[in-house]
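# Architecture and fold: a report
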Amino acid sequence: MSNLSRNQKELLELLKLAVNSRCADCAAPDPGWASYKLGVFVCLTCSGIHSGLSSRVKSIKLDSWEDEQVEFMKSRGNDHAKAVYEKAVPAYYYRPREKDCVILREQWILAKYQRKEFTGETKYPPVSYTAGFYEGMLWKKGKDNAQFFKRKFVLSQREFTLSYYNKENESKGPKAVISIKDLNITFQPEKIGHAHGLQITFQDGNHTRNLYVYHESAQEIVTWFNAIRAARYAYFKTAYPTGSDKELIPKLTRNYLKEGYMEKTGPSRKETFKKRWFTLDSQNRKLLYFKGQLDAEELGVIFIGTESKGYSVKECDQMHARGNKWKYGVAVGTPRRQYLFMCEQEGEQREWLDALRQVLSRPMAPQDYTIESNISY
């Protein structure tokens, strides 16, 4: 602290205020940077985005600060910026957090400070995600191959549907009409192999169906993301008119609690171990497994209930069986069957155990019993 200038010390005092103690854009703790154009304190990642927007960003400890810059920061701060630039953020609009992908944070920052979408001023034409209807072209992965094809998607808030067409000729109607009711979307840039990759998941009969899409424009794909959230919000407001935003907003979209490869054997534990991609959907208490990470449909699904209902999760020793290459075991018990999975690394085993136990420890809600009854083991 002794090597810091008087101005830097004053800035550090400003950071001790609760309103400035987290990044103005992603809520990361202990922001070490600031935009002396906007008067906000931000984290390292968000500072890089601001720097690209010529927002005049400096490190609080590493850069020198002029008196007038410090005085400006004193007159502003994160609470002032929030009151101006976040005055009218729609309830359904996703506010990114520090672990979210970069494009969500980037577009949030652009929407706030550059496009000024949330200042409460009337815009014409209205911002796309507020219109209740949205259509456009997305690159969609083929169901049975790794190629991506350009397809037209149409979102209707009035009908509570998302449709897509196989070809630009619409005369034959949409290839699929997806109900907004059970739909989820989550950004999957690493999994899909594109910075703007989006995974759309929905129920197709007895199966969970995955669509993998992207758009070359970051703004466009984030618009799709928030337009679908808007449609889901409208659906929930109709289906549950007494539901509060605090109850409904977390249900609009969700990231999966844990994903990754494990080896799996059959119920007798004598079958050959096979490598499978697993997805833990904590909201629906489902552990789904696929042959590959970009498969369109799951091979199976396991419901994760509670200990009082006969479910269990525990560590187990290495199994010696055909095809078994990995040695860190995870055992999942259900009232009907015991499952054994093997992880490649001990760290992966701990992460899976922690994630599964997190679901196991949560009391079951009334809708969970319906989900459980529809799963055949």
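Report follows, based on the coordinates. (Residues numbered from 1 in each chain as written. Predicted model: local features only at pLDDT ≥ 70, side-chain atom pairs only at ≥ 80, totals over all residues. Heavy atoms only, no water.)

## Quick notes on the side chain of R254
Among the secondary structure elements, R254 is positioned in the loop between α8 (245-252) and β11 (258-264). Side chain to side chain, R254 and D281 meet in a polar contact 2.7 Å long. If near-sequence neighbours (up to four positions away) are discounted, R254 is found in contact with N184, I185, T186, D281, Q283 and N284. (Helix = DSSP H or I, 4+ residues; strand = E, 2+ residues; numbered from the N terminus. Polar contact = N/O pair within 3.5 Å; in protein donor to acceptor, adjacent residues only side chain to side chain. Contact = heavy atoms within 4.5 Å.)

## Looking at the environment of V102
Secondary-structure assignment places V102 in helix α5 (residues 102-114). Each C-alpha atom of the pair V102 and I178 lies 28 Å from the other, and the pair is 76 residues apart in sequence.

## Some details on the sheet that holds strand β4 (residues 133-141)
Across the sheet, which stays open at both edges, the seven strands sit in the order β7-β6-β5-β4-β10-β9-β8 with antiparallel pairing between neighbours. This sheet does not close on itself; its edge strands, each paired only once, are β7 (176-179) and β8 (184-187). Across the sheet, the mean angle separating the axes of adjacent strands is 35 degrees when strand polarity is ignored. In terms of strand pairing, strand β5 (residues 148-156) meets strand β6 (residues 161-165) through five bridges, oriented antiparallel. Bridging from a neighbouring strand, S156 pairs with T161 of β6. Running over the sheet, helix α7 (residues 218-239) touches β4, β5, β6, β8, β9 (198-204) and β10 (207-214) and is turned about 120 degrees from β4. (Pairing = 2+ DSSP bridges. Axes fitted to C-alpha atoms, helices over the stretch in contact; angles between N-to-C directions.)

## A short note on the packing of helix α1 (residues 6-15) against helix α3 (residues 67-75)
Packing of α1 against α3 leaves a shortest axis separation of 10 Å and a crossing angle of 10 degrees. The orientation of α1 relative to α3 falls into the category roughly parallel. Seen from α1, the contacting residues are R6, N7, E10, L11 and L14; seen from α3, they are D67, V70, M73 and K74. Grouping the constituent residues of the contact of α1 with α3 by class yields four nonpolar, one polar and four charged. (Parallel < 35°, antiparallel > 145°, perpendicular 65-115°, else oblique. Nonpolar A, V, L, I, M, F, W, Y, C, P; charged D, E, K, R; others polar.)

## A few points about the layout of surface pockets
Reported here for the largest pocket is a volume of approximately 1400 Å³. Around the largest pocket, the lining comprises 49 residues; the ones closest to its centre are D182, Q203, N284, K286 and I371. Going through the elements one at a time, β9, β10, α7, α8, β12 (274-281), β13 (286-290), β14 (300-303) and α10 (366-373) are the ones with two or more residues in the lining of the largest pocket. Classifying every residue of the lining of the largest pocket by side-chain character gives 18 nonpolar, 19 polar and 12 charged. If you add up the space inside the second largest pocket, you get close to 960 Å³. Together, 27 residues line the second largest pocket, and K99, D100, T186, N255 and Y256 are the ones closest to its centre. (1 Å grid on protein atoms, 1.4 Å probe; cavity = no way out; pocket = protein on both sides within 12 Å on 5 of 7 lines; lining within 4 Å. Points joined across faces, edges and corners; volume = space filled by probe spheres on them.)

## A closer look at the sheet that holds β11
Strand order in this open sheet of seven strands is β14-β13-β12-β11-β17-β16-β15, and the pairing throughout is antiparallel. Each edge of the open sheet is held by one strand with a lone partner, namely β14 and β15 (312-316). Between one strand axis and the next, the sheet turns through 35 degrees on average, direction left out of account. In this structure, β13 lies alongside β14, joined through four bridges in antiparallel fashion. Paired with Y289 across the strands is G300, a residue of β14. Of the strands in this sheet, β11, β12, β13, β15, β16 (328-333) and β17 (338-343) touch helix α9 (residues 346-360), which is tilted by about 165 degrees from β15.

## A few points about unusual backbone geometry
Positive phi outside glycine occurs at A27, with the angle close to 65 degrees. Its place among the elements puts A27 in the loop between α1 and β1 (33-35). On the accessibility criterion, A27 (23% relative accessible area) is partly exposed. (Buried < 20%, exposed > 50% of the residue type's maximum accessible area, 1.4 Å probe, protein only.)

## Describing α9
Look at α9: 21 Å from first C-alpha to last across 15 residues, which is about the 21 Å you get at 1.5 Å a residue. Residues Q349, W352, L353, A355, L356, V359 and L360 constitute the buried set of α9. In this structure, the buried side of α9 is in contact with β11, β12, β13, β15, β16 and β17. (Expected span 1.5 Å × (residues − 1).)

## Some details on the packing of aromatic side chains
Taken as a whole and judged by the stated rule, the model has 24 aromatic pairs. With centroids separated by 6.2 Å and ring planes inclined at 15 degrees, the aromatic side chains of W139 and Y214 adopt a geometry described as stacked. Taken together, the positions of W139 in strand β4 and Y214 in strand β10 put the pair 75 residues apart, joining distant regions of the chain. Between F236 and Y240 the ring centres are 5.9 Å apart and the planes differ by 25 degrees, which places this aromatic pair in the stacked class. For Y240, a relative accessible area of 44% gives the class partly exposed. Feature note: the residues Y92, Y93, W108, F118, Y129 and Y233 constitute an aromatic cluster, connected by ring pairs. Lying over the aromatic face of Y36, K58 brings its terminal NZ or CZ to 5.3 Å of the ring centre. (Phe/Tyr/Trp six-rings, centres within 6.5 Å; stacked < 30°, edge-to-face > 60°. Lys NZ or Arg CZ within 6 Å of the ring centre and 35° of its normal.)

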